[in-house]
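Residue strings, one per chain:
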Amino acid sequence: MSESKYQRILVKLSGEALLGGADYGIDPLMLRRVASELVEVAGLGVQVAVVIGGGNIFRGAGLARAGMDRVTADHMGMLATVMNSLAMQDAVESLGAHARVMSAIRINEVCVDYVRRRAIRHLEKGRIVVFAAGTGNPFFTTDSAASLRAIEVGADLLLKATKVNGVYSDDPVRNPEARRYQRLSFDRVLDDRLAVMDATAIVLCRDNRLPLRVFNLNNAGDLPRVVRGEDVGTLVTND
């Protein structure tokens, strides 16, 4: 524990993070690399929880905009997150660590139901816990699910993995003049409508004083560096 600044964290991964160099689905090399960093962090004595989106397989909101019933589309998106979560569980266990997938919807043949006390117990035993199926309710994103689960299990930090190294004043891909924030308040994120997480997720973090760190998943080793207390990416707090 002396190597880590935190006791318990939750890492939010987008489904697209697992694409790697692929156009669709899961890149096995990217999956293994992310799993290896999660296992490395757990090896520091940190209790690790994970929420993964499903956008690499299916994006419910997109089909809803195209005319599909929103509730049906969101339920399909939840199933995509279960697929990603099972893949992550397998990758973690192939590295010799232990993992559990806990789903917000009942799908007992492939994973267990999410129960808060059981999740905390798994974490206390050193297992990497992957929360699947979002909140189990339509109209809520996996960002909101990540904030909710992090608060429920008493995480010290929520880590949002993105494709850029923090929060910027504008899209750094389109605007080379965009500047990176080293530190922000949740109110500033909401007032300036900065693209960090959806507003529900930000408000949950703010109201429960859960710090959020945004970092670049594509920078190998950044996740362990954050856990060791290095100033990586952007830190969002109540201050």
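Refer to the structure above for everything that follows.
Chains are numbered independently. Their residues run from 1 in the order of the written sequence. Local features are withheld for residues below a pLDDT of 70 in this predicted model, meaning they are given only at 70 or higher, and side-chain atom pairs are given and counted only at 80 or more; totals for whole chains, interfaces and linings count all residues. Processing note: side-chain calculations cover all non-hydrogen atoms of the structure and skip hydrogens and water entirely.

1. Thoughts on unusual backbone geometry
Negative phi values dominate among residues other than glycine, just as trans dominates among peptide bonds.
Move 1: One non-glycine residue with positive phi stands out, namely Ala-133, at about 70 degrees.
Move 2: Along the chain, Ala-133 falls in the loop between strand 5 (128-132) and helix 5 (142-152).
Move 3: If you check the backbone angles, Arg-209 has positive phi at about 50 degrees while not being a glycine.
Move 4: Secondary structure is summarised from DSSP: a helix means a run of H or I of at least four residues, a strand means a run of E of at least two, and numbering begins at the N terminus for each. Among the structural elements, Arg-209 can be located in the loop between helix 7 (199-207) and strand 10 (212-216).

2. A word on a nonpolar patch on the surface
Move 1: There is a patch of nonpolar side chains on the surface, built from Leu-63, Met-68 and Met-76 and spanning about 210 Å² of accessible area.
Move 2: Mapped onto the elements of the fold, Leu-63 is located in helix 2 (residues 60-65). Excluding any residue in a salt bridge, patches collect residues exceeding 30% relative accessible area, merging like charges within 9 Å and nonpolar Val, Leu, Ile, Met, Phe, Trp and Tyr side chains within 5 Å. For the area figures, the Shrake-Rupley method with a 1.4 Å probe applies, and any residue is considered shielded solely by the protein chains shown. We define a salt bridge as a side-chain nitrogen of Lys or Arg found within 4 Å of a carboxyl oxygen belonging to Asp or Glu.

3. A look at the pattern of salt bridges
Move 1: Counted by the stated rule, this structure contains 13 salt bridges.
Move 2: The salt bridge involving Arg-206 is made with Asp-187; its shortest N-O contact spans 3.0 Å. Highlighted residues: Arg-206 in helix 7 and Asp-187 in helix 6 (residues 186-191), separated in sequence by 19 residues.
Move 3: The buried label goes to any residue with under 20% of its type's maximum accessible area, the exposed label to any with over 50%, and the partly exposed label to all in between, with areas taken from a 1.4 Å probe on protein chains only. Arg-206 gets classed as partly exposed once you look at its relative accessible area, which sits at 26%.
Move 4: Each of Lys-12, Asp-143 and Lys-160 takes part in one network of salt bridges that share partners.

4. What to know about the environment of Asn-108
Move 1: Along the chain, Asn-108 falls in the loop between strand 3 (99-103) and strand 4 (112-113).
Move 2: For the pair Asn-108 and Glu-93, spaced 15 residues apart in sequence, the C-alpha separation works out to 19 Å.
Move 3: We define a polar contact as two N or O atoms separated by no more than 3.5 Å, with the added condition that, inside protein, one atom must be a possible hydrogen donor and the other a possible acceptor, whereas residues neighbouring each other in sequence contribute only through side-chain atom pairs. A distance of 3.0 Å separates polar atoms of two side chains, one belonging to Asn-108 and the other to Asp-113.

5. Let's talk about the packing of helix 5 against helix 7
Move 1: Lines are fitted to the C-alpha atoms to define the axes, a helix being fitted only along its stretch in contact, and any angle between axes, read from their N-to-C directions, falls within 0 to 180 degrees. In the contact formed by helix 5 and helix 7, the axes pass within 7 Å of each other and the chain directions differ by 20 degrees. In terms of axis orientation, helix 5 runs roughly parallel to helix 7. Judged by the twist between their axes, the crossing of helix 5 over helix 7 is left-handed. Seen from helix 5, the contacting residues are Asp-143, Ser-144, Ser-147, Leu-148 and Ile-151; seen from helix 7, they are Thr-200, Ala-201, Leu-204 and Cys-205.
Move 2: Grouping the constituent residues of the contact of helix 5 with helix 7 by class yields five nonpolar, three polar and one charged. For classification purposes, angles smaller than 35 degrees are called roughly parallel, those larger than 145 roughly antiparallel, those between 65 and 115 roughly perpendicular, and all remaining angles oblique. Each crossing is labelled by how the near helix is turned from the far one, with a counterclockwise turn of less than a right angle marking it left-handed and a clockwise turn marking it right-handed. Residues count as neighbours in contact if any of their non-hydrogen atoms are within 4.5 Å of one another. Residue polarity is assigned by list, with Asp, Glu, Lys and Arg as charged and Ala, Val, Leu, Ile, Met, Phe, Trp, Tyr, Cys and Pro as nonpolar; anything else, Gly included, falls into the polar class.

6. Description of the nonpolar core
Move 1: What makes a nonpolar core is a set of buried Ala, Val, Leu, Ile, Met, Phe, Trp, Tyr and Cys residues whose side-chain atoms join them at distances within 4.5 Å. In terms of nonpolar packing, the biggest core is built from 41 residues, with Ile-9, Leu-13, Leu-38 and Met-88 touching the most fellow members.
Move 2: Where this core is concerned, the elements lending two or more residues are strand 1 (8-13), helix 1 (28-43), strand 2 (47-52), helix 3 (70-94), strand 3, strand 5, strand 6 (157-162) and helix 8 (222-227).
Move 3: Every residue in contact with Leu-13, bar those within four places of it in the chain, is listed here: Val-34, Val-50, Val-51, Ile-52, Gly-53, Met-88, Ala-161 and Leu-217.
Move 4: In terms of nonpolar packing, the next biggest core, distinct from the first, is built from 30 residues, Ala-49, Val-129, Val-153 and Ala-201 among them.

7. Some words on the side chain of Asp-27
Move 1: Within the secondary structure layout, Asp-27 lies in the loop between strand 1 and helix 1.
Move 2: Despite its burial, Asp-27 pairs with no opposite charge, the nearest such side chain being Arg-33 at 9.4 Å.
Move 3: Setting aside residues no more than four positions away along its own chain, Asp-27 makes contact with Leu-18, Leu-19, Gly-20 and Gly-21. In summary, the charge assignment counts Lys and Arg as positive and Asp and Glu as negative, without counting His or the chain termini.

Taken by themselves, the reported measurements are silent on function.
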